[in-house]
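# Structural features, examined
Here is what each chain is made of, one letter per residue.
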Amino acid sequence: MDQLLPPEIAEAERAFPEALAACRDLDAFLRLKGAYVGREGSYVARLMDLLKAAPKDQKRELGAAINALKNAWEEALKARQAELEAAKKAAGAAAWDPTLPPPLPARGALHPLNRLMDRLVEVFRPLGFHVEEGPEVETEEHNFDGLNIPADHPARGSADTFYLAAHPGQLLRTHTSPVQVRTLRKLKATIHEKGGIRFLAPGRVYRKDEIDPTHSPMFHQVEGMLVGHGIGMQHLKGTLEYALRALFGPATEIRLRPSYFPFVEPGCEVDVSCPLCAAKGCRVCKGSGWVEILGAGLIHPNVLEFAGIDSKEWSGWAFGMGVERMAMMLSQTPDLRLFFENDQRFLEAMGGLD
Ligand code: DAH
C-alpha cells in the first residue's frame, strides 16, 4: 500500500516515532502535531489534496491508505500528549514548597473618606466628644427652621435642595447641622448633670450641585458642637487649633475670618496655613498660603431656645467642615469624583488599613 504514497510522506512516516519521542514539552508536541495532522499544510492535509485529485479508480485504495496512516499518527499523538501532561503535573507538584507562607487573599480596607472622618472623631474623643447621628432624610424643621434659617433663605429653594415629592416637608439633608437640633433636644434632659453638651456628627449630605471636579450632589461633612457655661470665641479657636494641628501637623496656624451663617452669631470661616507648602504658596492654596477648611461660630441664642435650652444660662460653639475638601487637600487628589468611583487602583494608592 505504501507505494501509493509519495516519497516525502513515506519519509515523514519513518521519522515520526523518533520526532514524537523527542518532544519534551507540550509546546514542541503541539508543533509536531500541527505538522502531521493539522488542518492546513500538514502531511495529512496534503494527502487529502492528493486524494481529491486522484483518478476515480484509485480513490478507494488511496483513501484507505491515508486513513490508516492518519489513525496511526493520531493514536500515537494522543498517547504522547497524556504522558507530557502527566509529567507537567508531577513537576508542578514537586515545585510546591509546603514551608512557604500561603498566598494571602486581597484585604479590604475602609474607604479613605471614612478613615479621615474616623481620624477626626479620634482627635476629638479625648476632649469628651462622642458621635451623634441623624437621618439623611430630614424634615424642613430640623434642616432649616430649628437652625434659625429664615423661610425666604435661598438655600431652602428647590433649585438647591432635594425635596421628597411624595412627602411634603421632607428632604435630603443639605448639611449635618440638623444633628445639632436633634441632639440638643435629646441631651437637654441631662445638660445640668453633665455640665453641658459636646458631640461630633459625621455623615452624608446632599445638594443639587452638578458633578464636576470639585462638586458632587452627595458629599460628607463633620459637625462639631459644644454647649457649656460662659463659652466664647476663645474656646472655639483654642479647640480648633488643637484639632487642626493634630490633623495637619503641629506647625499649622489657623485664622478666623468673619462670615455669616443664620445658626451662629458671630459666625466665621476658618482657614489653616497650607499644610502642603508650609504656607509658602502652592497650587492647593492658590498661592495664598491659606486654605479654607470650615464654617463655625457661637451658637445663635435662637437655636438653643428652639431646642428648649435657656440661652441666658448656656452658650456654645459649633462648626461644620467638608470632608472631601480636606481629603483632596491632604492627598493632593485633583478630582473629587475619584473618591466615589471606587477604582481599585485609586483606593490602593490611598493606602490600606493603617
Ligand atoms: N452648615 C454649614 C454649611 O453646610 C457649615 C457650618 C457653618 C456649620 C457654621 C456650623 C457652623 O455648625 O457653625 O455650609
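Structural notes, computed from the coordinates. For every chain, the first residue of its written sequence is number 1, and the numbers climb from 1 along that sequence. The predicted origin of the model limits local features to residues at a pLDDT of at least 70 and limits the giving and counting of side-chain atom pairs to 80 or more, whereas totals for whole chains, interfaces and linings rest on all residues. The side-chain quantities take in all heavy atoms of the structure and omit both hydrogens and water.

Grouped burial of nonpolar side chains is what soluble globular proteins tend to show. Judged by nonpolar contacts, the single largest core of 41 residues is most densely connected at Ile293 and Phe319. Elements with a contribution of two residues or more to this core: α5 (112–124), β5 (218–228), α9 (233–248), β7 (264–273), β8 (290–299), β9 (315–322) and α11 (323–331). A run of DSSP states H or I qualifies as a helix once it reaches four residues; a run of E qualifies as a strand once it reaches two. Both are numbered from the N-terminal end. Per element, the largest residue contribution to this core is seven residues, and it comes from α5. Of all hydrophobic cores here, the second largest spans 23 residues; its members include Phe144, Ile149, Ile191 and Leu304. Buried Ala, Val, Leu, Ile, Met, Phe, Trp, Tyr and Cys residues that are joined via side-chain atoms within 4.5 Å together make up what is termed a nonpolar core. Only protein chains enter the area calculation, which uses a 1.4 Å probe; residues under 20% of their type maximum are buried, those over 50% are exposed, and those in between are partly exposed.

Looking at the secondary structure, you find Asp335 in the loop between α11 and α12 (338–341). Each polar contact in these results corresponds to two N or O atoms within 3.5 Å; when the atoms are within protein, one needs to be able to donate a hydrogen and the other to accept it, and residues that are neighboring in sequence are counted only if both atoms are side-chain atoms. At 2.8 Å, the side chain of Asp335 and the side chain of Arg337 are in polar contact. Look past the residues within four positions of Asp335 in its chain and what remains in contact with it is Asp212, Pro213 and Met328. It only takes one pair of heavy atoms within 4.5 Å for two residues to be counted as in contact.

In the contact formed by helix α1 (residues 7–22) and helix α2 (residues 26–37), the axes pass within 11 Å of each other and the chain directions differ by 165°. Comparing their axes, α2 and α1 come out roughly antiparallel. Remark: the crossing between α1 and α2 carries left-handed chirality. Of the residues in α2, those touching α1 at Ala12, Ala15, Phe16, Ala19 and Leu20 are Phe29, Leu32 and Tyr36. Class assignment for the residues of the contact of α1 with α2 results in eight nonpolar, no polar and no charged. Axis geometry follows a simple rule: fit a line to the C-alpha atoms, using only the stretch in contact for helices, then measure angles between N-to-C directions, giving values from 0 to 180 degrees. For classification purposes, an angle smaller than 35 degrees is called roughly parallel, one larger than 145 roughly antiparallel, one from 65 to 115 roughly perpendicular, and anything else oblique. Throughout, a crossing is termed right-handed when the near helix is turned clockwise from the far one, and left-handed when it is turned anticlockwise from it by less than a right angle. Gly falls in the polar group here, along with every residue not listed as nonpolar (Ala, Val, Leu, Ile, Met, Phe, Trp, Tyr, Cys, Pro) or charged (Asp, Glu, Lys, Arg).

What follows concerns the sheet that holds β9. Strand order in this open sheet of seven strands is β1-β4-β5-β9-β8-β7-β6, and the pairing throughout is mixed. A strand with exactly one partner marks an edge of an open sheet, and here the two such strands are β1 (130–131) and β6 (254–259). Criterion used throughout: strands pair if DSSP finds at least two bridges between them. Note that β1 and strand β4 (residues 197–206) share two bridges and pair parallel. Bridge pairing links His130 to Phe199 in β4. This element, α9, spans β6, β7, β8 and β9 of the sheet and lies at about 25° to β7.

Moving on: the site of the ligand. By convention in this text, a residue qualifies as near a molecule or strand provided that one of its non-hydrogen atoms is within 4 Å of it. Taken together, the neighbourhood of the ligand is formed by 15 residues, with His175, Ser177, Arg207, Gln221 and Glu223 sitting nearest. Here an oxygen atom of the ligand and a side-chain polar atom of Arg207 are 2.8 Å apart. Taking Phe319, its main chain carries an N or O atom lying 3.3 Å from an oxygen atom of the ligand. Surface accessibility in these figures is a Shrake-Rupley result with a 1.4 Å probe; residues are shielded only by whichever protein chains are displayed. Burial of the ligand by the protein amounts to 89% of the accessible area it has alone, namely 360 Å². A class-by-class count of the residues in the shell around the ligand yields six nonpolar, seven polar and two charged.

A few words now on the pattern of salt bridges. Opposite charge on two side chains makes pairing possible when the charged atoms of those side chains draw close. By definition here, a salt bridge exists when the distance from a side-chain nitrogen of Lys or Arg to a carboxyl oxygen of Asp or Glu is within 4 Å. The full count for this structure, using the stated rule, is 17 salt bridges. A salt bridge links Arg80 to Glu83, with the nearest nitrogen and oxygen atoms 2.5 Å apart. With Arg80 and Glu83 both in helix α4 (residues 56–95) and three residues apart, the pair spans about one turn of that helix. On the accessibility criterion, Arg80 (12% relative accessible area) is buried. Overall, the relative accessible area of 47% leaves Glu83 in the partly exposed class. Between Asp271 and Arg257 there is a salt bridge, and its shortest N-O distance comes to 2.8 Å. Of this pair, Asp271 sits in strand β7 while Arg257 sits in strand β6; the two residues are 14 residues apart in sequence, bridging distant segments of the chain. Classification of Arg257 as partly exposed rests on a relative accessible area of 27%.

This next bit is on the packing of α1 against helix α3 (residues 43–53). With their axes 11 Å apart at the nearest point, α1 and α3 run at an angle of 150° to one another. As summarised for this structure, α1 and α3 are arranged roughly antiparallel, according to the angle between their axes. Judged by the sense of rotation from one axis to the other, the crossing of α1 with α3 is left-handed. For the pair formed by α1 and α3, the contact residues are Glu8, Ile9 and Ala12 on the first element and Tyr43, Arg46 and Leu47 on the second. Residues that form the contact of α1 with α3 fall into these classes: four nonpolar, no polar and two charged.

Attention now moves to the packing of aromatic side chains. Only Phe, Tyr and Trp rings are paired, with Trp represented by its six-membered ring, and only when their centres lie within 6.5 Å; those with planes under 30 degrees apart are stacked, over 60 edge-to-face, the remainder tilted. Counted according to the given criterion, the structure contains eleven aromatic pairs. Between the aromatic rings of Trp317 and Phe319, the centroid separation amounts to 5.9 Å while the plane-to-plane angle is 25°, which identifies the pairing as stacked. Per residue, the accessibility class of Trp317 equals that of Phe319, and both read buried. When the centroid spacing of 5.3 Å and the interplanar angle of 90° are considered together, the rings of Phe339 and Phe346 count as edge-to-face. Aromatic rings pair up to connect Phe16, Tyr36, Tyr43 and Trp73 into one cluster.

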